[in-house]
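Chain by chain, the residues run as shown.
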Amino acid sequence: QQQVKQSPQSLIVQKGGISIINCAYENTAFDYFPWYQQFPGKGPALLIAIRPDVSEKKEGRFTISFNKSAKQFSLHIMDSQPGDSATYFCAASNINTDKLIFGTGTRLQVFP
Amino acid sequence: NAGVTQTPKFQVLKTGQSMTLQCAQDMNHNSMYWYRQDPGMGLRLIYYSASEGTTDKGEVPNGYNVSRLNKREFSLRLESAAPSQTSVYFCASSEDRKDTQYFGPGTRLTVL
């Protein structure tokens, strides 16, 4: 049962371009939406997170956009760099549980 | 601080063999988690422990057991390994509910 749907599965972007990864969820009780970044051979690490009381959060070149009515959230990477090449996972959890539900991941490749 | 450590890094088992994956964290976190990562499936929660002395099933607990040995250590046991358990296993910890989860480097397990 996939409660968080992530797309695309893979993404190729040129250096300097914008990378956009989308996620959609079903459970309206979700109230925490983090994005994790994973480099090959490493464990995932928190990149940025948002709660539904705001529609956007920006940290450097990374921005989360959140649309509560559409039950969608997305990660935008501005001025994408080869060092951003990694797998990105969106996730969601609700106040009644300790558990994070992860999307299936997006493999991003940024070419010079 | 080492963060979250996992042993072993790699393991090959034959069907029916048993083994224990070890995880330890030095951040004094209350909550600990075991995930498995499979291509196209994202990260799926196997078991978690919200505090020392408690454990709960996640999304895919069948074929696994866990022990929260103390606040630092959380082990995952495969009693009779099956090829379907071939995966990369990640341990994670967090200070409390809804906090950032910190992941270990992973154990790559192959069951022949």
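Here's a quick rundown of the structure. Everything numeric in this text was worked out from a predicted model, so none of it was measured.

Next up on the list: the layout of surface pockets. When its volume is computed, the largest pocket comes out at roughly 710 Å³. Around the largest pocket, the lining comprises 31 residues; the ones closest to its centre are Gln38(A), Gly41(A), Thr87(A), Gln37(B) and Arg108(B). Secondary-structure elements contributing two or more residues to the lining of the largest pocket are β9 (86–94) and β11 (106–111) of chain A together with β4 (31–38), β9 (87–94) and β11 (107–111) of chain B. Top contributing element to the lining of the largest pocket by residue count: β11(A), with four residues. Here the lining of the largest pocket is composed, by residue class, of 11 nonpolar, 15 polar and five charged. Looking at the second largest pocket, its volume works out to about 210 Å³. If you go around the second largest pocket, you meet 16 residues; those closest to its centre are Gln3(A), Lys99(A), Leu100(A), Ile101(A) and Glu59(B).

Another aspect to go through is the interface of chain B and chain A. Every contact between the two is made by 20 residues of chain B and, on the other side, 23 residues of chain A. In total, chain B and chain A occlude about 1700 Å² of area from one another, counting both sides; carbon and sulfur atoms represent 50% of this. The interface formed by chain B and chain A holds zero salt bridges in total. The interface formed by chain B and chain A includes two residue pairs in polar contact (both at pLDDT 80 or more). Going through the elements one at a time, β4 and β5 (42–49) of chain B are the ones with two or more residues in the side of chain B that touches chain A. Sorting elements by how many residues they give to the side of chain B that touches chain A places β5(B) first, with four residues. Looking at the side of chain B that touches chain A residue by residue, the classes come out as 10 nonpolar, six polar and four charged.

Below, the discussion takes up the side chain of Gln85(B). Residue and element names in this part refer to chain B. Here Gln85 is to be found in the loop between β8 (74–78) and β9. On the basis of relative accessibility, which here comes to 6%, the residue Gln85 falls in the buried class. In this structure the side chain of Gln85 is engaged in a polar contact, spanning 3.2 Å, whose partner is the backbone oxygen of Gly63. In this structure, Gln85 is in contact with Arg36, Asn62, Gly63, Tyr64, Leu78, Ser80, Leu109 and Val111, ignoring residues within four places of it in sequence.

With that out of the way, let us pick up the sheet that holds strand β1 (residues 4–7) of chain A. Residue and element names in this part refer to chain A. The sheet built from five strands is open, its strands ordered β1-β3-β8-β7-β6 with antiparallel pairing. Whereas interior strands pair on both sides, the edge strands pair on one side only; in this sheet they are β1 and β6 (56–59). Each neighbouring strand pair of the sheet contributes to a mean axis angle of 15°, computed without reference to strand direction. Across six bridges, strand β7 (residues 62–67) lies against strand β8 (residues 72–77) in antiparallel orientation.

About the thresholds
- In this numbering scheme, every chain counts its residues from 1 along its sequence in written order.
- For this description, chains carry letters from A and ligands carry numbers from 1, given in the order in which they are written.
- Residue-level local features of this predicted model are given only where pLDDT is at least 70; pairs of side-chain atoms are given and counted only at 80 or more, and the full residue set underlies all totals for whole chains, interfaces and linings.
- Only hydrogens and water are removed before side-chain values are computed, so all heavy atoms of the structure are retained for them.
- A pocket here means an open set of points on a 1 Å grid, computed over the protein atoms alone, that has protein on both sides within 12 Å along at least five of seven lines. A cavity is instead a set of points where a 1.4 Å probe fits but cannot get out; residues with an atom within 4 Å of a point line either one.
- Grid points are joined across faces, edges and corners, and a volume is the space filled by probe spheres set on the points.
- A run of DSSP states H or I qualifies as a helix once it reaches four residues; a run of E qualifies as a strand once it reaches two. Both are numbered from the N-terminal end.
- Residues are grouped as follows: Ala, Val, Leu, Ile, Met, Phe, Trp, Tyr, Cys and Pro are nonpolar; Asp, Glu, Lys and Arg are charged; all remaining types, including Gly, are polar.
- Should any heavy atoms of two residues lie within 4.5 Å, those residues are counted as being in contact.
- Defined in terms of a 1.4 Å probe, buried area is the accessible area two parts forfeit on being brought together, summed over both.
- Salt bridges, as used here, are contacts in which a Lys or Arg side-chain nitrogen is within 4 Å of a carboxyl oxygen on Asp or Glu.
- Polar contacts, as counted here, are pairs of nitrogen or oxygen atoms within 3.5 Å of one another; within protein the pair requires one atom able to donate a hydrogen and one able to accept it, and residues that are adjacent in sequence qualify only if both atoms are side-chain atoms.
- Residue exposure (1.4 Å probe, protein chains only): buried if accessible area is under 20% of the type maximum, exposed if over 50%, otherwise partly exposed.
- Should DSSP find at least two bridges between two strands, the strands are regarded as paired.
- Under this scheme, a helix contributes an axis fitted over its contacting stretch, all axes are lines through C-alpha atoms, and angles between N-to-C directions fall in the 0 to 180 degree range.

Geometric values such as these leave the question of function open.
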